[in-house]
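Survey of secondary and tertiary structure
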Amino acid sequence: MHLNFEFKARCAHPDELEAKLQSRSPRFVGEDAQTDTYFHVPNGRMKLREGNIENALIHYVRHNTAGAKQSDVILYTHEPDARLKAALTAALGVKVVVDKRRRIYFVDNVKLHFDRVAGLGTFVEVEAIDLDGSIGVEKLQEQCREYAAFFGIQDSDYMSESYSDLLMQKQK
């Protein structure tokens, strides 16, 4: 398990924020067309991410609060295989599916996403990641505050819910 401290914010002009990020010499990973299939689980959230860059089974526990928040993550990366999705679907049932285009960057241990989510709009997401416990939660919090200020994120921009929650609310 690793520790993330992260925030997601609505972003009317993601191209402007992405251009601003270039001043920090980020490492561009690429643009990924991702499908996140969320499954019914008794604790936390579990999703299967299928993309051309990232493919992972992800279980995480995170509270729905606005602003930067802690997320406890178990990430299992794998090669694409339709049998995994079929097994998870048969065993757990699909809760919701999120389709997005994600532009992915890294600056040191901070992962930055510029997302265009079908049915929801555009967002910026910042994940300060501590893979082995060497960074600590205080530094992760500081990194999130720094990027929020850098991007000019206002309190009203922060999203407390996940994309999956927002899509399920729209379906009701």
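Whatever comes next refers back to the structure up there.
For the structure given in this document, a descriptive report is provided here. Note that the structure is predicted; figures quoted are calculated from it, not measured.

Describing the overall build of the protein chain
When helices and strands are tallied, the protein chain shows 4 helices and 8 strands. When the helices and strands of the protein chain are read in sequence order from the N terminus, they spell out β-α-β-β-β-β-α-β-β-β-α-α. For the protein chain, whose C-alpha radius of gyration is 16 Å, the value lies close to the compact-globule estimate of 16 Å for 172 residues. Each principal axis of the C-alpha distribution contributes one length, and for the protein chain these read about 45 × 35 × 30 Å. Counting every atom, the protein chain has about 8800 Å² of accessible surface; 51% of that belongs to carbon and sulfur. Positive and negative side-chain charges in the protein chain, numbering 23 and 26 respectively, have mean positions lying 4 Å apart.

Overview of the pattern of salt bridges
A side chain of one charge can pair with a side chain of the opposite charge when the charged atoms of the two come close. The tally for this structure, following the rule as stated, stands at 18 salt bridges. A cluster of three or more residues bridged by salt bridges with shared partners is formed by Asp 36, Lys 47, Arg 49, Glu 54, Lys 100 and Lys 111.

Considering empty space enclosed by the protein
In total, this model carries 1 cavity of 30 Å³ or more according to the counting rule given. When its volume is computed, the largest cavity comes out at roughly 40 Å³. As for the largest cavity, its lining consists of Pro 14, Asp 15, Glu 18, Arg 103, Phe 114, Asp 115 and Arg 116. At the level of secondary structure, the elements contributing two or more residues to the lining of the largest cavity comprise α1 (14-21) and β7 (110-117).

So, the environment of Asp 165
Locating Asp 165 in the fold gives a position in helix α4 (residues 163-171). Considered as a pair, Asp 165 and Asn 64 are 101 residues apart in the sequence and their alpha carbons are 9.6 Å apart. Excluding its chain neighbours within four sequence positions, the residues that come into contact with Asp 165 are Arg 45 and Asn 64.

Focus: the nonpolar core
Counting 23 residues, the largest nonpolar core has Phe 7, Leu 21, Leu 112, Val 124, Tyr 147, Phe 151 and Ile 153 as the members making the most contacts within it. If you list the elements that add at least two residues to this core, you get β1 (2-10), α1, β6 (94-107), β7, β8 (121-130) and α3 (137-151). If sequence neighbours within four positions are ignored, Tyr 147 has contacts with Phe 7, Leu 21, Arg 24, Val 107, Val 110, Leu 112 and Val 126. Grouped together as the second largest cluster of nonpolar side chains are 14 residues, Val 96, Val 98, Phe 123 and Leu 166 included.

A look at the packing of aromatic side chains
Per the stated rule, a full pass over the model turns up 8 aromatic pairs. Aromatic pair Phe 7 and Tyr 158: ring centres 5.4 Å apart, planes at 90°, arrangement edge-to-face. Placement of Phe 7 in strand β1 and of Tyr 158 in the loop between α3 and α4 is noted, with a sequence separation of 151 residues between them. One exposure class covers both Phe 7 and Tyr 158, and it is buried. With centroids separated by 6.1 Å and ring planes inclined at 85°, the aromatic side chains of Phe 114 and Phe 151 adopt a geometry described as edge-to-face. Placement of the pair is Phe 114 in strand β7 and Phe 151 in helix α3, with a sequence separation of 37 residues. There is no split in this pair, since Phe 114 and Phe 151 are both buried. One Lys or Arg, Lys 8, reaches over the ring of Tyr 163 and ends 4.0 Å from the middle of that ring.

Scoring rules and cut-offs
- Residues numbered from 1 in each chain as written.
- Predicted model: local features only at pLDDT ≥ 70, side-chain atom pairs only at ≥ 80, totals over all residues.
- Heavy atoms only, no water.
- Helix = DSSP H or I, 4+ residues; strand = E, 2+ residues; numbered from the N terminus.
- Rg over C-alpha atoms; globule rule 2.2 N^0.38 Å.
- Areas by Shrake-Rupley, 256 points an atom, 1.4 Å probe, with all protein chains shown as cover.
- Lys, Arg positive; Asp, Glu negative; His and termini not counted.
- Charge placed at Lys NZ, Arg CZ, Asp CG, Glu CD.
- Salt bridge = Lys/Arg side-chain N within 4 Å of Asp/Glu carboxyl O.
- 1 Å grid on protein atoms, 1.4 Å probe; cavity = no way out; pocket = protein on both sides within 12 Å on 5 of 7 lines; lining within 4 Å.
- Points joined across faces, edges and corners; volume = space filled by probe spheres on them.
- Contact = heavy atoms within 4.5 Å.
- Core = buried A, V, L, I, M, F, W, Y, C linked by side-chain atoms within 4.5 Å.
- Buried < 20%, exposed > 50% of the residue type's maximum accessible area, 1.4 Å probe, protein only.
- Phe/Tyr/Trp six-rings, centres within 6.5 Å; stacked < 30°, edge-to-face > 60°.
- Lys NZ or Arg CZ within 6 Å of the ring centre and 35° of its normal.

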